[in-house]
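Each chain, written out:
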Amino acid sequence: MPKIPLNDLQAFVTVARERSFTRAAAQLGMSRSALSHAMRALEERLGVRLLTRTTRSVSATEAGARLLAGVAPRLQEIELELGSLSALRDRPAGTVRITAHDHAIVTALWPWLLPLMHEYPEVRIELSVDYAMTDIAAQRFDAGVRTGNRVAQDMVAVPIAPPLRMAVAASPEYLAGKALPKTPHDLMQHRCVNLRLPTHGGLYAWDFERKGQALAVRVQGQATFNNTFLMLQAAVEGMGFAYVPFDTMEQHIAAGRLVPVLEDWWPTFPGYHLYYASRRQIAPALALVVEALRWRGP
């Protein structure tokens, strides 16, 4: 028995059901003459006549009707199986790699990604802590997180957090016997906990703003970190002033472990944005992550 391509059998079933080469050819996306030629070739390979052709209609012969009854249900089963594979392809699954710094992960990513992973066990999340201005394409990340004013214009940026307010504070133990700073420049006379930026290879200059006046101060101290929470802990333990997001030190201020200073100079930056390469269609797992993280207000 010769091997018959499934496409030829599907074409035969369509012609037999439509009882018309014209309508069947339109459904199959091929010309009427090509379809007629394919059916003649199929009959030659099988050695039997499957279709009776007249000038007005097409009908199945006895052999054609038998083939139709046997093949059509099986082709339908194949289509259903292929459809289930398509559904599997579209189901969120796979690994989503995101680069972000520690504060963004703790406050804007993990609280929403954890329940997502419970709901979708086939989705895996890889979070890489990094303060660098990472090129996500070159480093093979699916997405990254930056404040809104630092996202490249060729990226799709989705807000995932409210505006970010920075704050400055030190422990009562450190401040004992010292004058509180009255301007940001006064911090240069104090010990401060620094942040090392890997991208620029230098220490982060503390940004301040008041009544439209912006300035940056480069501070000095004994301790330098590349981790927000270690900087905060160092300040709590008396190593000087720390400049970190207000939400991280709020509980320490309330408990009296830190004393805030220069509050009228604390700047507010655009909140964190998840960014990814612009393309027409993104992977279902990444699309799921984007919607889970999207900031929708308070």
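Higher on the page you've got the structure.
Position labels on residues start from 1 in each chain and follow its written sequence. Under the rules for a predicted model, residues below a pLDDT of 70 receive no local features and side-chain atom pairs below 80 are neither given nor counted, while totals for whole chains, interfaces and linings still include all residues. Working from all heavy atoms in the structure, the side-chain values ignore hydrogens and water.

Caption draft 1: Quick look at the environment of Ser20. Secondary structure elements are taken from DSSP: a helix is a run of H or I of four residues or more, a strand is a run of E of two residues or more, and numbering for both begins at the N terminus. Here Ser20 shows up in the loop between α1 (6–18) and α2 (21–28). In this structure, the C-alpha to C-alpha distance between Ser20 and Ser57, residues 37 residues apart in sequence, is 6.1 Å. Residue contacts are counted whenever heavy atoms from the two residues lie within 4.5 Å of one another. In this structure, Ser20 is in contact with Val15 and Val58, ignoring residues within four places of it in sequence.

Caption draft 2: Main features of the packing of α2 against helix α3 (residues 32–46). Every axis corresponds to a line fitted to the C-alpha atoms, with the helix fit spanning only the stretch in contact, and the corresponding angles, defined between N-to-C directions, vary from 0 to 180 degrees. Where α2 meets α3, the closest approach of the two axes is 9 Å, and the angle between their N-to-C directions is 100°. Regarding the angle of α2 to α3, the classification is roughly perpendicular. Where α2 approaches α3, its residues Phe21, Thr22, Ala24, Ala25 and Leu28 are matched on the opposing element by Arg32, Leu35, Ser36 and Met39. Angular relationships are summarised with four words: roughly parallel below 35 degrees, roughly antiparallel beyond 145, roughly perpendicular across 65 to 115, and oblique for the angles in between.

Caption draft 3: Quick peek at the packing of aromatic side chains. Working definition: rings of Phe, Tyr and Trp (its six-membered ring) pair if their centres are within 6.5 Å, and the pair is stacked with planes under 30 degrees apart, edge-to-face with planes over 60 apart, and tilted otherwise. Evaluation of the coordinates by the stated rule reveals five aromatic pairs. Between Phe246 and Trp266 the ring centres are 5.6 Å apart and the planes differ by 40°, which places this aromatic pair in the tilted class. Of this pair, Phe246 sits in helix α8 (residues 246–254) while Trp266 sits in the loop between β14 (259–260) and β15 (268–269), and the two are 20 residues apart along the sequence. Relative accessibility thresholds used throughout: buried, under 20% of the residue-type maximum; exposed, over 50%; partly exposed, between the two (1.4 Å probe, protein chains only). Judged by relative accessible area, Phe246 falls into the partly exposed class, the value being 22%.

Caption draft 4: Region of the structure containing the nonpolar core. Here, the term nonpolar core denotes a set of buried Ala, Val, Leu, Ile, Met, Phe, Trp, Tyr and Cys residues that are joined through side-chain atoms within 4.5 Å. Counting residues in hydrophobic clusters, the biggest one holds 62 residues, and the most contacted among them are Leu109, Val145, Val168, Leu187, Trp206, Phe208 and Phe241. Once residues lying within four places of it in the same chain are set aside, the contact partners of Leu187 are Val168, Pro181, Cys192, Trp206, Phe208, Val219, Phe241 and Leu262. Core analysis: the next-biggest nonpolar cluster, separate from the first, contains 20 residues, Ala16, Leu68, Val71 and Leu75 among them.

Caption draft 5: View of the sheet that holds strand β5 (residues 143–147). Strand pairing follows a simple DSSP-based rule, namely that at least 2 bridges must link the two strands. The five strands lie next to each other as β4-β3-β5-β16-β6, forming an open sheet whose pairing is mixed. Looking at the sheet topology across the chains shown, the edges are occupied by β4 (123–129) and β6 (155–159). Direction aside, neighbouring strands of the sheet carry axes that sit 30° apart on average. Here β5 runs beside strand β16 (residues 272–277); their pairing, made up of four bridges, is antiparallel.

Caption draft 6: A look at the sheet that holds strand β9 (residues 202–203). Strand order across the open sheet formed by three strands is β9-β8-β12, with mixed pairing between neighbours. Of all the strands in the sheet, just β9 and β12 (224–225) have a single pairing partner and so form its edges. As defined by bridge partners, strand β8 (residues 194–197) adjoins β12 across two bridges and the pair is classed as parallel. Bridge pairing links Asn194 to Thr224 in β12.

Caption draft 7: Molecular detail of the pairing of strand β3 (residues 94–100). Burial analysis of β3 places five of its seven residues in the buried class, the great majority of the element. As paired strands, β3 and β4 are joined by seven bridges and run parallel to one another. What sits directly across from Val96, in β4, is Ile125. Each parallel crossover has a hand, and the one from β3 via helix α5 (residues 102–119) to β4 is right-handed. A crossover counts as right-handed when, viewed with the strands pointing away from the observer, the path leading from the first strand over the helix to the second turns clockwise.

Caption draft 8: Expanded view of the side chain of Arg146. With respect to the element layout, Arg146 can be found in strand β5. Positive: Lys, Arg. Negative: Asp, Glu. His and the chain ends are not part of the count. Here, a salt bridge means any Lys or Arg side-chain nitrogen found within 4 Å of an Asp or Glu carboxyl oxygen. One buried charged residue, Arg146, forms no salt bridge at all, with the nearest opposite charge on Asp135 at 7.2 Å. As used in this structure description, the phrase polar contact means that two N or O atoms lie within 3.5 Å; if the pair is within protein, one of them must be able to donate a hydrogen and the other to accept it, and residues adjacent in sequence are counted only when both atoms belong to side chains. There is a polar contact of 3.2 Å between the side chain of Arg146 and the side chain of Tyr275. Setting aside anything within four residues of it in sequence, one finds Arg146 in contact with Met133, Thr134, Val151, Ala152, Gly271, Tyr272, His273 and Tyr275.

Caption draft 9: Molecular detail of the pattern of salt bridges. Per the stated rule, a full pass over the model turns up seven salt bridges. In this structure, Asp8 engages Arg45 in a salt bridge whose closest nitrogen and oxygen atoms are separated by 2.5 Å. Here Asp8 is found in helix α1, whereas its partner Arg45 is found in helix α3, with 37 residues between them in sequence. Assessed through its relative accessible area of 15%, Asp8 is described here as buried. What emerges from the salt-bridge pattern is a single network uniting Glu291, Arg294 and Arg296.

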